[in-house]
Amino acid sequence: MSLPGFRLVLLLLLMSPAALAQSITGISVSYSPASPRVGQPYTATATVTATGPSTPAGTVQIRFPGNPETCTAGPLVGSGVTATATCTLVSSTAGLKSMQASFEGNYPPANFGVAPITIQPATTTLALKVLPDPSARNRVFVQALVQPDVGNPTGSYTFTSGANSCTPAAGENWCSLLPDQSTTTPVVSVSYSGDANFGAASAGTPITVTDLPWIRRLVSAPFPDQVTDPYSNAGV
């Protein structure tokens with residue numbers, strides 16, 4: 001036997017069986033709500049069980065391997081060989097998340113895989129901006145902001161007003177739209193396709209179009225009658 005190996009055996013023989021046996025035997029984690037949505041805070045409750053005789057004391061770090069979301073539950077509170085603590089998480093992506101929990105405290109450090117959690121796509125709403133409003137009878141700037149404001153929504157947007165429409169360039173959420181010309185209170189609408197993390201959504205708002213009376217008459221006037229209108233270009 002090598003010298004390092006002999007020293008390890010000697011150390012184990014000198015330690016009491018009780019000291020060798022003291023450890024964290026398990027960590028379980030429950031979630032509330034059980035299946036939250038992207039951007040929705042949820043509570044993770046960690047329950048730590050030890051061999052005893054001491055009640056577990058310290059903290060538990062709960063994390064998604066390979067994801068930035070993490071929280072630290074503590075200090076642990078309990079009695080006997082069991083203690084619990086809570087912390088709050090918010091996820092920016094949907095899907096099934098594998099979870100891990102790590103104990104630090106009055107027992108040797110311990111790591112456990114714990115129950116996974118399924119994050120649902122966000123229930124999406126849209127904040128629609130139209131500038132300027134009131135507007136003259138010309139194009140307006142339209143923009144849609146996805147709520148909740150987490151992650152990076154990648155779906156597409158379509159803006160409409162009457163028969164007119166515009167679609168933002170890839171990766172953008174704005175474009176230039178000509179409002180419906182048939183009314184002074186056109187409605188501007190937007191639809192969002194959604195993606196893996198955000199649900200589809202739509203929104204709309206009326207705007208005010210102002211113009212001079214002579215422009216209104218010009219827009220609504222019929223074309224000249226080339227037979228009776230002396231100012232037509234008939235016969236030219």
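This structure is a prediction, so every number in the text was calculated from the model and none was measured.

Asks: Which residues make up the pairing of strand S7 (residues 95–105), and what values do they have?
Replies: Where strand S3 (residues 58–63) meets S7, six bridges bridge the pair, whose relative direction is antiparallel. Residue pairing across strands places Ile 62 opposite Ala 101, the latter belonging to S7. As paired elements, S7 and strand S8 (residues 110–119) share eight bridges and run antiparallel to each other. In the sheet register, Ser 102 faces S8, and the bridge partner there is Asn 111. Linkage of S7 to S8, two consecutive antiparallel strands, is achieved through a turn of four residues.

Asks: Pulling in residues and values, what's your account of the state of the cysteines?
Replies: Taken as a whole, this structure holds two disulfides when the rule is applied. Between Cys 71 and Cys 87 runs a disulfide, and the two sulfur atoms are separated by 1.9 Å. Of this pair, Cys 71 sits in strand S4 (residues 70–73) while Cys 87 is found in strand S6 (residues 82–89), placing the two residues 16 residues apart along the sequence. Owing to a relative accessible area of 7%, Cys 71 belongs among the buried residues under this scheme. Note on Cys 87: relative accessible area 8%, which makes it buried. Note on cysteine connectivity: Cys 166 is disulfide-linked to Cys 175, with sulfurs 2.1 Å apart.

Asks: Can you explain the sheet that holds strand S12 (residues 164–166)? Please cite residues and give values.
Replies: Read from one edge to the other, the open sheet built from four strands follows the order S12-S11-S14-S15, with strand pairing classed as antiparallel. Looking at which strands have only one partner, the edges of the open sheet turn out to be S12 and strand S15 (201–206). This sheet shows a mean twist of 15° between the axes of neighbouring strands, independent of strand direction. Sheet analysis places strand S11 (residues 157–161) next to strand S14 (residues 187–192), joined by four bridges and oriented antiparallel. Directly across from Phe 159, in S14, lies its bridge partner Val 190.

Asks: Lay out the packing of aromatic side chains in plain terms, naming residues and giving numbers.
Replies: A full pass over the atoms with the stated rule returns three aromatic pairs. Ring centres of Tyr 31 and Tyr 42 lie 6.3 Å apart, and the angle between their planes is 70°; this geometry places the pair in the edge-to-face category. With a gap of 11 residues between them, Tyr 31 in strand S1 (residues 24–32) and Tyr 42 in strand S2 (residues 42–50) connect regions that are remote in the sequence. Looking at Tyr 31, the relative accessible area reads 12%, which means it is buried. For the cation-ring pair, Lys 97 lies above Phe 64, with the distance from its terminal atom to the ring centre recorded as 5.7 Å.

What counts and what doesn't
- Residues numbered from 1 in each chain as written.
- Predicted model: local features only at pLDDT ≥ 70, side-chain atom pairs only at ≥ 80, totals over all residues.
- Heavy atoms only, no water.
- Pairing = 2+ DSSP bridges.
- Helix = DSSP H or I, 4+ residues; strand = E, 2+ residues; numbered from the N terminus.
- Disulfide = S-S within 2.5 Å.
- Buried < 20%, exposed > 50% of the residue type's maximum accessible area, 1.4 Å probe, protein only.
- Axes fitted to C-alpha atoms, helices over the stretch in contact; angles between N-to-C directions.
- Phe/Tyr/Trp six-rings, centres within 6.5 Å; stacked < 30°, edge-to-face > 60°.
- Lys NZ or Arg CZ within 6 Å of the ring centre and 35° of its normal.

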